[in-house]
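# Commentary on secondary and tertiary structure
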Amino acid sequence: MPEANPFESLQEQIGDAGEFLDVGDDVLERLKHPERVLETTLSVEMDDGTIETFKAFRSQFNGDRGPYKGGIRYHPGVTRDEVKALSGWMVYKTSVVDIPYGGGKGGIVIDPSEYSEGELERITRAFAAELRPFIGEDKDVPAPDVNTGQREMNWIKDTYETLENTTAPGVITGKALENGGSEGRVEATGRSTMFAAREIFDYLDRDLEGATVAVQGYGNAGSVAAKLIDDQGADVVAVSDSSGAIHNPDGFDTRAVKDFKNETGSVTGYDEATEEFSNGDLLTMDVDLLVPAALENAVDEDLARDVEADVVVEAANGPLTPDADDVLTERGVTVVPDILANAGGVTVSYFEWVQNRQRFQWTEERVNEELEAVITDAFDAMTDAHEDAGTPNLRTAAYVVAVQRVVDAYDGSGSWP
Ligand code: NAD
């Protein structure tokens, strides 16, 4: 089966929501395409003196509700369509949690593990120089995504500020604390996944305490989600990363697994595991809650038929293909969509940007409290739309809320003829 094109998945999701909205096809069509996409080639000197070239993208999907906002990904699988899809998901993510941003996304086609720190710094600074005319505190505010973090954000901020001869910490979020970052940002994505899991179990009248959980992907999003869901009393019985999956029916010490991965680079080989298996097996385990937290298209139509979890909370962006989504809906599996369940990252990025603009630092307690309020409000808006509009699943309900807000912003500004 050919792999789903994530950009087509996004367009299908917007179309599905359109069926429950009083919005014309012409308006919906406009909302399915990015406003612009930068495609550039970076030429960078390697440690051995040779020049290597890298393809890089930045898609600015929609800016009607505020500056474009979204991460920068370093991965060999980055494509123009993937970046476009991810930028569109950001529009509807910032909208469903009602923060004043549009959506954008960027990426470099690169396997960062093959480059030295110095090479990565030169590559990142070259990308920042290309991005400079397009980004800014009130224009487009990038952030981390897969394989990028505080280090890369600090380099981009420094390059931008140097070239612009200014201080503009709000040009990028996900920075280190000492470079203008926010308390709570590193854990924010996984924290929203935990809030989403807590809320959906409550909504379904089920106990998260004692529930069994499998987490695919043990990076920033997955490991924090696992830790915080573990803290809610659930048993995280399986976790995985690109090296494979590990299982312990009694539940893992999620922090110890993270320490082990930090030391060795992978979760496999962890001595508390009773068995190791493949990622496919993890996704079809008989657990109460499945948290996909790796990359998009992890579950396709065939795999979806074998998913045994009752609830899926998407920490990753686009982990289910639309066909897989349909199968899970038919089979009565409840899915809390990515645009809500991983929106903590962009929400605390927004808090970081607010703090940068105010030149004022919030406490971690305040950040976490405000995040909880944003995610639970968005969850309630989504479940209200699900019940009021009778959407087949929560994803369509979330898009109904989010698309309507973008349309209202257009309408309110008189953008439509
Ligand atoms: P990361 O690089 O920190 O972690 C990714 C993890 O997935 C790694 O442990 C990697 O080994 C694992 N992985 C890769 N391929 C895999 C496979 N085939 N099977 C199992 N595991 C695999 O990245 P991250 O920041 O945690 O992002 C993960 C997902 O969450 C992405 O979809 C990203 O877009 C999304 N997300 C991240 C943030 C954030 O703030 N970090 C915010 C919103 C959404």
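Residues numbered from 1 in each chain as written. Predicted model: local features only at pLDDT ≥ 70, side-chain atom pairs only at ≥ 80, totals over all residues. Heavy atoms only, no water.

### As for the domain arrangement of the chain
Segmenting the chain into domains produces domain 1 (34–169) and domain 2 (188–341). For domain 1 and domain 2, the distance between their C-alpha centres works out to 28 Å. Each partner contributes residues to the interface: domain 1 has eleven residues there, and domain 2 has seven residues. Taking both partners together, domain 1 and domain 2 bury about 790 Å²; carbon and sulfur atoms supply 61% of that area. When residues of domain 1 are sorted by the area they lose upon contact with domain 2, Trp-89, Lys-93 and Val-96 head the list and together hold 52% of the total. Inspection of the domain 1/domain 2 interface yields one salt bridge. Put simply, the parts of the chain that give the side of domain 1 that touches domain 2 at least two residues each are strand E3 (68–75) and helix H3 (80–96). (Domains from an automatic or database assignment. Contact = heavy atoms within 4.5 Å. Buried area = accessible area lost by both parts, 1.4 Å probe. Salt bridge = Lys/Arg side-chain N within 4 Å of Asp/Glu carboxyl O. Helix = DSSP H or I, 4+ residues; strand = E, 2+ residues; numbered from the N terminus.)

### Focus on the packing of H3 against helix H15 (residues 394–412)
Where H3 meets H15, the closest approach of the two axes is 8 Å, and the angle between their N-to-C directions is 90°. Our classification of the angle between H3 and H15 gives roughly perpendicular. Contacts between H3 and H15 involve Trp-89, Val-91, Tyr-92, Ser-95 and Val-96 from the former and Ala-398, Tyr-399, Val-401, Ala-402, Val-403, Arg-405 and Val-406 from the latter. (Axes fitted to C-alpha atoms, helices over the stretch in contact; angles between N-to-C directions. Parallel < 35°, antiparallel > 145°, perpendicular 65-115°, else oblique.)

### Some points on the sheet that holds strand E4 (residues 103–109)
The strand order across the open sheet built from five strands is E1-E2-E4-E3-E5, with neighbouring strands paired in mixed fashion. The two strands at the open ends of the sheet, each matched to only one other strand, are strand E1 (36–45) and strand E5 (140–144). Here the strands of the sheet are splayed against their neighbours by 20° on average, with no regard to which way each runs. The pairing of E1 with strand E2 (residues 51–62) spans ten bridges and is classified as antiparallel. Bridging from a neighbouring strand, Val-44 pairs with Glu-52 of E2. (Pairing = 2+ DSSP bridges.)

### Description of the pattern of salt bridges
Inspection of every chain in the model, using the stated rule, returns 33 salt bridges. Put simply, Glu-35 and Arg-30 hold a salt bridge, and the shortest N to O gap is 4.0 Å. Residue classification places Glu-35 among the partly exposed positions, given a relative accessible area of 27%. A salt bridge links Arg-395 to Asp-325, with the nearest nitrogen and oxygen atoms 2.5 Å apart. Placement of Arg-395 in helix H15 and of Asp-325 in helix H11 (residues 322–330) is noted, with a sequence separation of 70 residues between them. Overall, Asp-325 belongs to the buried group, its relative accessible area being 8%. (Buried < 20%, exposed > 50% of the residue type's maximum accessible area, 1.4 Å probe, protein only.)

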